[in-house]
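Breakdown of the fold
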Amino acid sequence: MLDLFSDEAPWQEPLAEGAVILRRRAREEASALLAAIAAIARQNPFVHRITPGGYRMSVAMTNCGDVGWSTDSRGYQYSERDNANGQKWPPMPDLFRTLAQQSAREAGFSDFTPDACLINRYEPGAKLSLHQDKDEKDLRQPIVSVSLGLPAVFQFGGFERSEATQRVLLEHGDIVVWGGPSRLRYHGILPLKAGVHPDAGPYRFNLTFRRAR
Ligand code: SIN
Ligand code: FE2
């Protein structure tokens, strides 16, 4: 079928004060992003990490950048090396950094310089429970989150886990930026529905850019 929207320019959808979806913003660079993710995963493979509570996460993770986020029996932390194998995280590709900086600027955050990029891989059924991103030092810096591959339902809530959430579908190339008064909002991903994406196969990938230190 003819895709009437395939050439449409990206557009913005506000979520809350300081939070916006940049729809299709990463469409042009999506193939290059996926190729870079594959190259990073060859250096430092995706791993289902274990939470401090002893649960195996359904989302598989790796990182690139000066520091990476991970979890193990000792807790959640940013570190220069992957505790799973002792290796330094692969460097953040320029393409990643530039996309994150430009997206943050478009969302109103002019001096975002990410030092960490968490790469999440969701398979069917994988989910991320409601949580806050609060392990970073400078909470004035926003979060930039890039969705690739299969679509997923993103929950965006308030400042208590129990508050009602908005549910929005995030698709290939969508970017969400949240910061300022929304920086500590709870968010999560509902269990991924099975499917096959032409460029990403049976997966959803998410790049989460942060200034951690
Ligand atoms: C996250 O909160 O770390 C990831 C959110 C997502 O996968 O879209
Ligand atoms: Fe998060």
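Description of the structure in this document. (Residues numbered from 1 in each chain as written. Chains lettered and ligands numbered in written order. Predicted model: local features only at pLDDT ≥ 70, side-chain atom pairs only at ≥ 80, totals over all residues. Heavy atoms only, no water.)

Comments concerning the environment of Lys 127
Selection criterion: Put simply, DSSP marks the helices as runs of H or I at least four residues long and the strands as runs of E at least two long, and each gets a number from the N terminus on. Note on contacts: a residue pair is in contact if any heavy atoms of the two residues lie within 4.5 Å.
Its location among the elements puts Lys 127 in the loop between β7 (116-122) and β8 (128-131). Along the primary structure Lys 127 and Gln 155 are separated by 28 residues, whereas in three dimensions their C-alpha atoms are 11 Å apart. Here Lys 127 is in contact with Ser 58, Val 59, Tyr 122, Ile 189, Leu 190 and Pro 191, once residues within four sequence places are set aside.

Re the pattern of salt bridges
Between side chains of opposite charge, a pair can form when the charged atoms approach closely. Our working rule: Any carboxyl oxygen of Asp or Glu that lies within 4 Å of a side-chain nitrogen of Lys or Arg is treated as forming a salt bridge with it. Residue exposure (1.4 Å probe, protein chains only): buried if accessible area is under 20% of the type maximum, exposed if over 50%, otherwise partly exposed.
Under the counting rule described, the total for this entry stands at 13 salt bridges. Linking Arg 74 and Asp 72 is a salt bridge whose minimum nitrogen-to-oxygen distance equals 2.9 Å. Look at Asp 72 and you get buried, because its relative accessible area is 15%. With a shortest N-O distance of 3.1 Å, Glu 80 and Arg 213 are connected by a salt bridge. Of this pair, Glu 80 sits in the loop between β6 (75-79) and α2 (94-106) while Arg 213 sits in the segment after β14 (204-210), placing them 133 residues apart in sequence. Glu 80 gets classed as partly exposed once you look at its relative accessible area, which sits at 41%. Residue Arg 213 is classed as partly exposed on the basis of its relative accessible area, which comes to 42%. In this structure, a network of salt bridges that share partners links the residues Asp 133, Glu 136, Arg 183 and Arg 210.

Considerations on the site of ligand 1
Basically, it comes down to this: Near is defined per residue: the residue qualifies when any heavy atom it owns lies within 4 Å of the molecule or strand. Polar contacts here mean pairs of N or O atoms no more than 3.5 Å apart (in protein, one a potential hydrogen donor and the other a potential acceptor; neighbouring residues in sequence count only if both atoms are side-chain atoms). With residues, only the protein chains shown are counted as cover, and all accessible areas are computed by Shrake-Rupley using a 1.4 Å probe.
The environment of ligand 1 is formed by Asn 120, Tyr 122, Leu 128, His 131, Ser 145, His 187, Ile 189, Arg 204, Asn 206, Thr 208 and Arg 210. Take His 131: an N or O atom from its side chain is 3.1 Å from an oxygen atom of ligand 1. Interatomic distance of 3.2 Å between a side-chain N/O atom of Asn 206 and an oxygen atom of ligand 1. Burial of ligand 1 by the surrounding chains reaches 98%, relative to a free accessible area of 260 Å².

Digging into the packing of aromatic side chains
This is how it is decided: When two rings of Phe, Tyr or Trp (its six-membered ring) have centres within 6.5 Å they constitute a pair, described as stacked for plane angles under 30 degrees, edge-to-face for angles over 60, and tilted for the intermediate range.
Counted according to the given criterion, the structure contains seven aromatic pairs. Ring geometry for Phe 46 versus Phe 205: centroids 5.9 Å apart, planes at 45°, classification tilted. Here Phe 46 is found in the loop between α1 (30-43) and β3 (47-50), whereas its partner Phe 205 is found in strand β14, with 159 residues between them in sequence. Judged by relative accessible area, Phe 46 falls into the buried class, the value being 15%. Of the residues examined, Phe 205 reaches a relative accessible area of 10% and is grouped as buried. Summarising the aromatic geometry, the rings of Trp 69 and Tyr 76 are spaced 5.5 Å apart at their centres and angled 15° between planes, so their arrangement reads as stacked. A residue is classified by how much of its surface remains accessible, and Trp 69, at 11% relative accessible area, is buried. You can call Tyr 76 partly exposed: its relative accessible area is 47%. Aromatic rings pair up to connect Phe 46, Tyr 203 and Phe 205 into one cluster.

Some points on the state of the cysteines
What is meant by a disulfide is a covalent connection between two cysteines, made through their sulfur atoms. Here is the rule we go by: The disulfide criterion is simple: two cysteine sulfur atoms within 2.5 Å.
Inspection of every chain in the model, using the stated rule, returns zero disulfides. Distance from the sulfur of Cys 64, which forms no disulfide, to the nearest cysteine sulfur (Cys 117) is 4.1 Å.

Things to note about the coordination of the iron ion (ligand 2)
For clarity, the threshold we go by: Each metal's donors are the N, O and S atoms within 2.8 Å of it, or within 3.2 Å when it is Na, K or Ca, and because water is not part of the set, sites may look incomplete. Metal sites are grouped by the angles between bound donors: all angles between 85 and 135 degrees with four donors is tetrahedral, opposite donors over 155 degrees apart with the others between 65 and 115 is square planar for four donors and octahedral for six, and any other pattern is irregular.
Distances from the iron ion (ligand 2) to its protein donors, His 131 (NE2), Asp 133 (OD) and His 187 (NE2), fall within 2.1 to 2.3 Å. The site at the iron ion (ligand 2) holds four donor atoms, and with the angles between them running 88 to 175°, its shape is irregular. Taking the relative accessible area as the measure of exposure, His 187 reaches 5% and is therefore buried.

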